[in-house]
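The chain contents come next:
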Amino acid sequence: MENWVLVFKKSDLPHLAVVRCRPGLCAAETETEVWLRCPMLHADLDQALRALPALHTYRQDTQGLLFPLGGSTPVAKLPALDWVPMKQFIPVELPGAALPAQLTQHYALQLFPSAAYHPGAALKIKLTDWQTYADTAPEIRLAALNFALSAAGDVLVMGEPLPPLPGEEYWLRDSILLPAAYDLEWPLLAQLFNQQENSNGANFLLFEKNGGWQKIEKRCFIPASRAGIRQSRTTS
């Protein structure tokens, strides 16, 4: 069976996370490069592989000869490498010594503006605005909401629909709350980061636009009843 073979710089390793689960994909590495290999099931590379920043893309024949795309003359032979399945090459588990907001020393989680729409899941507002809204809001609107109060006097409200109040809106991905109109540079890393920092699923991980983040225990949220909001008024 013929294969596709792609060669990358090692610094491009984060790009390869998007094809981690592709069936039949194997990877190997040299001192300076990462090599990918997968069966040639179609006449052309699929969209995911085409989008990767490969240094070289080859067609490998059954003798291990490498042909450039569109070429009929081999330009190299596949080197002897230690090939492993892609899921093993990029494991789900993350290093235990990862720093806050960082997967490894090299791959920090960064936020970038996103044109994709994601419905709001949380709203960070001032306690005074929350109290004023709760005094007049219909009970049916409050019943759909939960909230948590910070020591700084901010309130994080979650539910649907969110109250029509000024504040910072967030959307939810894998228990990670991301600012509205922003997304992680590598969305797959959200799942990995969540598994590392929130393995028991007991927290929300709230990211700010500057890349800082904090854990918020889910048990801190209480129903948005007027009684609960009055209680927060007396303890703030």
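Quick caveat: nothing in here was measured; it's all calculated off a predicted structure. (Residues numbered from 1 in each chain as written. Predicted model: local features only at pLDDT ≥ 70, side-chain atom pairs only at ≥ 80, totals over all residues. Heavy atoms only, no water.)

1. Points about the confidence of the model for the protein
- Per-residue confidence for the protein gives a mean pLDDT of 82; residues scoring 70 or more make up 86%.
- Counted against residues more than four places away or in other chains, residues 92-107, with its pLDDT under 50, gives 28 contacts. (pLDDT = per-residue confidence, 0-100. Contact = heavy atoms within 4.5 Å.)

2. Quick look at the pairing of strand 3 (residues 33-39)
- Of the pairings in the sheet, the one linking strand 1 (residues 3-9) to strand 3 comprises 7 bridges and is antiparallel in character. Residue pairing for strand 3: asparagine 3 is matched across the bridge by proline 39.
- Pairing geometry for strand 2 (residues 26-29) and strand 3, over 4 bridges, is antiparallel. Note that in strand 3 the partner of alanine 27 across the bridge is leucine 36.
- Linking two consecutive strands that pair antiparallel, namely strand 2 and strand 3, is a turn of 3 residues. (Pairing = 2+ DSSP bridges. Helix = DSSP H or I, 4+ residues; strand = E, 2+ residues; numbered from the N terminus.)

3. Some details on the packing of aromatic side chains
- Scanning the entire structure with this criterion turns up 6 aromatic pairs.
- When the centroid spacing of 5.5 Å and the interplanar angle of 55 degrees are considered together, the rings of tryptophan 130 and phenylalanine 147 count as tilted. Of the two residues, tryptophan 130 is situated in helix 3 (residues 127-136) and phenylalanine 147 in strand 10 (residues 145-149); the sequence distance between them amounts to 17 residues.
- On the basis of relative accessible area, phenylalanine 147 is assigned to the buried category, the value being 2%.
- Aromatic side chains phenylalanine 193 and phenylalanine 207 sit 5.7 Å apart centroid to centroid with 65 degrees between the ring planes, which places their arrangement in the edge-to-face category. (Phe/Tyr/Trp six-rings, centres within 6.5 Å; stacked < 30°, edge-to-face > 60°. Buried < 20%, exposed > 50% of the residue type's maximum accessible area, 1.4 Å probe, protein only.)

4. Details of the environment of arginine 59
- Mapped onto the fold, arginine 59 is located in strand 4 (residues 56-60).
- The spacing of arginine 59 and glutamate 2 is 57 residues in sequence and 7.1 Å in space, taken between C-alpha atoms.
- Each residue touching arginine 59, except ones within four places of it in the same chain, is listed here: Glu2, Asn3, Trp4, Met40, Leu65, Leu66, Phe67 and Gly71.
- Among the polar contacts made by the side chain of arginine 59, one reaches the side chain of glutamate 2 at a distance of 3.3 Å. (Polar contact = N/O pair within 3.5 Å; in protein donor to acceptor, adjacent residues only side chain to side chain.)

5. Regarding the nonpolar core
- Ile125, Trp130, Leu142, Phe147, Val155 and Val157 are the most contacted members of the largest nonpolar core, which has 16 residues in total.
- The element best represented in this core is helix 3, accounting for 4 residues.
- Look past the residues within four positions of leucine 142 in its chain and what remains in contact with it is Trp130, Tyr133, Ala134, Ala137, Ala224, Arg226 and Ile229.
- Phe8, Val19, Leu36 and Ile90 belong to the second-largest nonpolar core, a separate cluster that totals 15 residues. (Core = buried A, V, L, I, M, F, W, Y, C linked by side-chain atoms within 4.5 Å.)

6. Describing the sheet that holds strand 5 (residues 65-68)
- Spatially, the 7 strands line up as an open sheet ordered 6-5-4-1-3-2-7, and their pairing is antiparallel. With partners counted over all chains shown, the strands left at the sheet margins are strand 6 (76-77) and strand 7 (84-85), one partner each.
- Here strand 4 pairs with strand 5 via 3 bridges, running antiparallel. Note on strand 5: the bridge partner recorded for tyrosine 58 is proline 68.

7. Structural notes on the sheet that holds strand 10
- A sheet is described by the order of its strands in space; here 8 strands give the open sequence 16-15-13-12-9-11-10-17, paired in mixed fashion. Edge strands, defined here as strands with exactly one partner in the open sheet, are strand 16 (213-217) and strand 17 (222-223).
- In this structure, strand 9 (residues 122-126) lies alongside strand 12 (residues 168-173), joined through 3 bridges in antiparallel fashion. Paired with lysine 124 across the strands is glutamate 168, a residue of strand 12.
- In the packing of helix 3 onto the sheet, the strands contacted are strand 9, strand 10 and strand 11 (154-159), and the crossing angle to strand 9 comes to about 105 degrees.
- Along the sheet, helix 5 (residues 188-197) contacts strand 12, strand 13 (176-179), strand 15 (203-207) and strand 16; its crossing angle with strand 15, the most-contacted strand, is approximately 130 degrees. (Axes fitted to C-alpha atoms, helices over the stretch in contact; angles between N-to-C directions.)

8. Some remarks on the pattern of salt bridges
- One pass over the full model with this rule turns up 9 salt bridges.
- Between lysine 126 and aspartate 154 there is a salt bridge, and its shortest N-O distance comes to 3.3 Å. Of this pair, lysine 126 sits in strand 9 while aspartate 154 sits in strand 11; the two residues are 28 residues apart in sequence, bridging distant segments of the chain.
- Salt-bridge contacts for glutamate 197 lead to lysine 215; the nearest nitrogen and oxygen are separated by 3.9 Å. Residue glutamate 197 is located in helix 5, and its partner lysine 215 is located in strand 16; the two are separated by 18 residues in the primary sequence.
- Relative accessible area serves as the criterion here: at 16%, glutamate 197 is assigned to the buried category. (Salt bridge = Lys/Arg side-chain N within 4 Å of Asp/Glu carboxyl O.)

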